[in-house]
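# Examination of the molecular architecture
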Amino acid sequence: QVQLIESGGGLVQAGGSLRLSCEASGRTFSSYSMGWFRQAPGKERMFVATINRSGSSIYYGDSVKGRFTISRDNAKNTMYLQMNSLKPEDTAIYYCAARQSPTYNTYAYRYDNWGQGTQVTVSS
């Protein structure tokens, strides 16, 4: 079990940028593969991006490829999601997730630890 806190969400115009952060408690952050998911009202939670323990392997959902960048700083127990060229379709609550595995995963049900979420709203 690990405590996760997302931050950095807000309101931004289309074409703008936001940087989300996910800070984890404890001293075993490097043992977790991490992921970002998002959920719009009335929709299922959808995969955004994932990263393995060391940050050497990453994978993105098709809708964000070329626009979003996932990264992590294990020394700071923090994962990031840099979001550029934002679109109104990106509007959702964004969730940080962690699983104690050497490999990343694109399926939400595989993750045991979740943050509270941070709202991202993109206006046209």
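So, a few notes on the structure that sits alongside this text. (Residues numbered from 1 in each chain as written. Predicted model: local features only at pLDDT ≥ 70, side-chain atom pairs only at ≥ 80, totals over all residues. Heavy atoms only, no water.)

### A short note on the overall build of the protein chain
To keep things clear, this is the line we draw: Numbering of helices and strands runs from the N terminus, with a helix taken as a DSSP run of H or I at least four residues long and a strand as a DSSP run of E at least two residues long. Here the globule rule is a power law, 2.2 Å times the number of residues to the power 0.38, and the radius of gyration is based on C-alpha atoms.
Within the protein chain, the regular secondary structure consists of zero helices and eleven strands. Secondary structure elements of the protein chain, listed N to C terminal, follow the sequence β-β-β-β-β-β-β-β-β-β-β. Taking 14 Å as the expected radius of gyration for a compact globule of 124 residues, we find that the protein chain reaches 13 Å, a close match to that expectation. C-alpha atoms of the protein chain, sized along the principal axes, occupy 40 × 30 × 25 Å.

### Topic: the environment of Ala24
Structurally, Ala24 is set in strand 3 (residues 18-24). Each C-alpha atom of the pair Ala24 and Ala98 lies 9.2 Å from the other, and the pair is 74 residues apart in sequence.

### Things to note about the pattern of salt bridges
Applied cut-off: A carboxyl oxygen of Asp or Glu within 4 Å of a side-chain nitrogen of Lys or Arg is what we treat as a salt bridge. Three labels apply to residues, based on accessible area from a 1.4 Å probe with only protein chains included: buried if under 20% of the type maximum, exposed if over 50%, partly exposed otherwise in between.
Going through the model one piece at a time under the given rule, you end up with three salt bridges. For Asp62, the salt bridge is made with Lys65, and the minimal N-O distance between the two is 3.2 Å. Note on Lys65: relative accessible area 43%, which makes it partly exposed. For Arg67, the salt bridge identified is with Asp90, shortest N-O distance 2.7 Å. Remark: Asp90 occurs in the loop between strand 8 (78-83) and strand 9 (92-99) and Arg67 occurs in the loop between strand 6 (58-60) and strand 7 (68-73); sequence separation between them is 23 residues. Judged by relative accessible area, which is 1%, Asp90 ranks as buried.

### Considerations on unusual backbone geometry
Here the phi dihedral of Asn77 falls at roughly 55°; this positive angle occurs in a residue that is not glycine. In this model, Ser85 sits at a positive phi of 50°, which is unusual for a non-glycine residue.

### Brief notes about the pairing of strand 5 (residues 46-51)
As a reminder of what qualifies: Strand pairing is assigned whenever DSSP detects at least two bridges linking the two strands.
Most of strand 5 sits out of view: five of its six residues are buried. Where strand 4 (residues 33-39) and strand 5 come together, five bridges link them in antiparallel fashion. What sits directly across from Met34, in strand 5, is Ile51. If you look at the hairpin formed by strand 4 and strand 5, you'll find six residues sitting between the two strands, and Gly42 has a positive phi there, around 75°. The pairing of strand 5 with strand 6 spans three bridges and is antiparallel.

### So, the state of the cysteines
Rule in force here: Disulfides are defined in this document as cysteine sulfur pairs within 2.5 Å.
Per the stated rule, a full pass over the model turns up one disulfide. Each disulfide pairs two cysteine sulfurs, and for Cys22 the partner residue is Cys96, the sulfurs being separated by 1.8 Å. Torsion about the S-S bond of the Cys22 and Cys96 cystine: about -60°, corresponding to left-handed handedness. In this pair, Cys22 is assigned in strand 3 and Cys96 in strand 9, connecting sequence segments 74 residues apart. Cys22 sits in the buried class, given a relative accessible area of 0%. For Cys96, a relative accessible area of 0% gives the class buried.

### Comments concerning the packing of aromatic side chains
Under the convention used in this document: Any two rings among Phe, Tyr and Trp, with Trp reduced to its six-membered ring, count as a pair given centres within 6.5 Å; such a pair is stacked if its planes are under 30 degrees apart, edge-to-face if over 60, and tilted if neither. The rule is short: NZ of Lys or CZ of Arg within 6 Å of the ring centre and within 35 degrees of the ring normal puts a charge over the ring.
Per the counting criterion, the structure on display carries eight aromatic pairs. When the ring of Tyr107 is compared with that of Tyr109, the centres are 6.1 Å apart and the planes differ by 45°; the resulting orientation is tilted. Here Tyr107 and Tyr109 have matching classes, each one exposed. Among the aromatic side chains, those forming a connected cluster through ring pairs are Phe37, Phe47, Tyr59, Tyr95, Tyr104, Tyr111 and Trp114. Over the face of the ring belonging to Tyr80 we find Arg19, whose NZ or CZ atom lies 4.0 Å from the ring centre. Lying across the ring of Tyr95, Arg45 places its NZ or CZ 3.7 Å from the centre.

It is worth stressing that arrangement in space is one thing and function is another; only the former is reported here.
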